[in-house]
Amino acid sequence: NAGVTQTPKFQVLKTGQSMTLQCAQDMNHEYMSWYRQDPGMGLRLIHYSVGAGITDQGEVPNGYNVSRSTTEDFPLRLLSAAPSQTSVYFCASSREGNQPQHFGDGTRLSIL
Amino acid sequence: AQSVTQPDIHITVSEGASLELRCNYSYGATPYLFWYVQSPGQGLQLLLKYFSGDTLVQGIKGFEAEFKRSQSSFNLRKPSVHWSDAAEYFCGFTTDSWGKLQFGAGTQVVVTP
């Protein structure tokens with residue numbers, strides 16, 4: 001049982017490069033979210049989705065784009081990477097919006 | 001504004017001793033409350049949740065939490081910690097059905113022999 005799968009696990013980018021962080025879940029969950037984790041700040045919500053075709057911004061959306069074309073996948077795009085986006089990124093999913101979320105193992109992203 | 005606070009950034013506890021982690025929230029009604037644990041290099045694992053009903057909630061790994069409406073708190077406890085409990089613990093809450101989870105800054109727990 002895979003749960004929530006994030007790829008890649010590690011990535012180093014140069015400032016200005018673009019990339020997509022992948023997230024897939026096999027639990028048929030409607031709700032999916034992206035968080036970033038920074039020391040001393042806990043996890044902060046970047047974007048979330050309540051179903052295929054429906055996304056919305058969270059607390060820290062600037063510099064990130066998302067789309068949700070299928071129930072299973074919820075990729076996060078960095079259009080022009082900045083050093084301030086160096087962080088650990090977590091994807092999560094849940095069956096309902098107020099139910100516990102299942103987390104992936106994270107992507108550690110460094111931007112030079 | 002809605003918020004959740006974990007007052008203790010770092011706690012050191014001896015193996016076998018009891019542990020209590022504090023969590024306070026700011027919201028006008030009762031939110032949906034969660035405690036998660038994160039081991040190094042891993043994602044977050046749910047320990048327990050509170051939605052309504054009995055204010056003492058039992059979770060996995062021997063943890064429990066008590067919801068106190070009068071204090072806007074949801075503190076996590078374990079009677080006797082094991083070395084494997086060394087990790088970072090996050091309190092989280094949501095106030096709606098849209099999946100917008102808000103986290104505290106986390107409490108790092110160190111277990112000494």
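Residues numbered from 1 in each chain as written. Chains lettered and ligands numbered in written order. Predicted model: local features only at pLDDT ≥ 70, side-chain atom pairs only at ≥ 80, totals over all residues. Heavy atoms only, no water.

A word on the interface of chain B and chain A
Here is step 1: Facing the 23 residues of chain B at the interface are 21 residues of chain A.
Here is step 2: Counting across the chain B and chain A interface gives zero salt bridges.
Here is step 3: Where chain B packs against chain A, one counts three residue pairs in polar contact (both at pLDDT 80 or more).
Here is step 4: With four residues, the single largest contributor to the side of chain B that touches chain A is strand 5 (residues 32-38) of chain B.
Here is step 5: Across the side of chain B that touches chain A, the residue classes break down as eleven nonpolar, eight polar and four charged. (Contact = heavy atoms within 4.5 Å. Salt bridge = Lys/Arg side-chain N within 4 Å of Asp/Glu carboxyl O. Polar contact = N/O pair within 3.5 Å; in protein donor to acceptor, adjacent residues only side chain to side chain. Helix = DSSP H or I, 4+ residues; strand = E, 2+ residues; numbered from the N terminus. Nonpolar A, V, L, I, M, F, W, Y, C, P; charged D, E, K, R; others polar.)

Digging into the environment of P31 of chain B
All names here are of chain B.
Here is step 1: Tracing the chain through its elements places P31 in the loop between strand 4 (24-26) and strand 5.
Here is step 2: We classify P31 as buried; its relative accessible area is 1%.
Here is step 3: C-alpha of P31 to C-alpha of N75: the two residues are 44 residues apart in sequence and 14 Å apart in space.
Here is step 4: Setting aside anything within four residues of it in sequence, one finds P31 in contact with Y25, Y50, F93, T94 and T95. (Buried < 20%, exposed > 50% of the residue type's maximum accessible area, 1.4 Å probe, protein only.)

Brief notes about the nonpolar core
Here is step 1: Among the nonpolar cores identified, the biggest contains 26 residues, and W35, L48, L76 and Y89 of chain B are the most heavily contacted of them.
Here is step 2: Residue contributions to this core peak at four residues, all from strand 10 (residues 87-94) of chain B.
Here is step 3: Counting 19 residues, the second largest nonpolar core, distinct from the first, contains C23, W34, V60 and L109 of chain A. (Core = buried A, V, L, I, M, F, W, Y, C linked by side-chain atoms within 4.5 Å.)

Side note on the sheet that holds strand 7 (residues 64-66) of chain A
All names here are of chain A.
Here is step 1: Across the sheet, four strands lie side by side as 1-3-8-7; this open sheet has antiparallel pairing. Across the chains shown, the open sheet's two edge strands, defined by having one partner strand only, are strand 1 (4-7) and strand 7. Direction aside, the axes of adjacent strands within the sheet are offset by 20 degrees on average.
Here is step 2: The sheet contact formed by strand 1 and strand 3 (residues 19-25) spans four bridges and is antiparallel. Residue pairing for strand 3: V4 is matched across the bridge by Q25. (Pairing = 2+ DSSP bridges. Axes fitted to C-alpha atoms, helices over the stretch in contact; angles between N-to-C directions.)

Considering the packing of aromatic side chains
Aromatic rings in a pair are described by how distant their centres are and how their planes are angled relative to each other.
Here is step 1: Under the defined criterion, the tally for this structure stands at 15 aromatic pairs over all chains.
Here is step 2: Judged by centre distance (5.0 Å) and plane angle (90 degrees), the rings of Y32 of chain B and F51 of chain B are edge-to-face. Within this pair, whereas Y32 of chain B is found in strand 5, its partner F51 of chain B is found in the loop between strand 6 (44-50) and strand 7 (56-58), the two being separated by 19 residues in sequence.
Here is step 3: You can call Y32 of chain B partly exposed: its relative accessible area is 25%.
Here is step 4: Grouping aromatic residues by their ring pairs yields a cluster made of Y35 and F103 of chain A together with Y32, F34, Y36, F51, F90 and F103 of chain B.
Here is step 5: Sitting over the face of the ring of F74 of chain A, R68 of chain A holds its NZ or CZ atom 5.9 Å from the ring centroid. (Phe/Tyr/Trp six-rings, centres within 6.5 Å; stacked < 30°, edge-to-face > 60°. Lys NZ or Arg CZ within 6 Å of the ring centre and 35° of its normal.)

Observations concerning unusual backbone geometry
Here is step 1: Geometrically, the link from T7 of chain A to P8 of chain A is a cis peptide bond, its omega value of -5 degrees lying close to zero.
Here is step 2: Looking at the secondary structure, you find P8 of chain A in the loop between strand 1 and strand 2 (10-13).
Here is step 3: If you check the backbone angles, N28 of chain A has positive phi at about 60 degrees while not being a glycine.
Here is step 4: Positionally, N28 of chain A belongs in the loop between strand 3 and strand 4 (31-37).
Here is step 5: Phi at K61 of chain B is positive, roughly 60 degrees, even though this residue is not glycine.
Here is step 6: Tracing the sequence through the fold places K61 of chain B in the loop between strand 7 and strand 8 (64-68).
Here is step 7: Its relative accessible area of 46% is what places K61 of chain B among the partly exposed residues.

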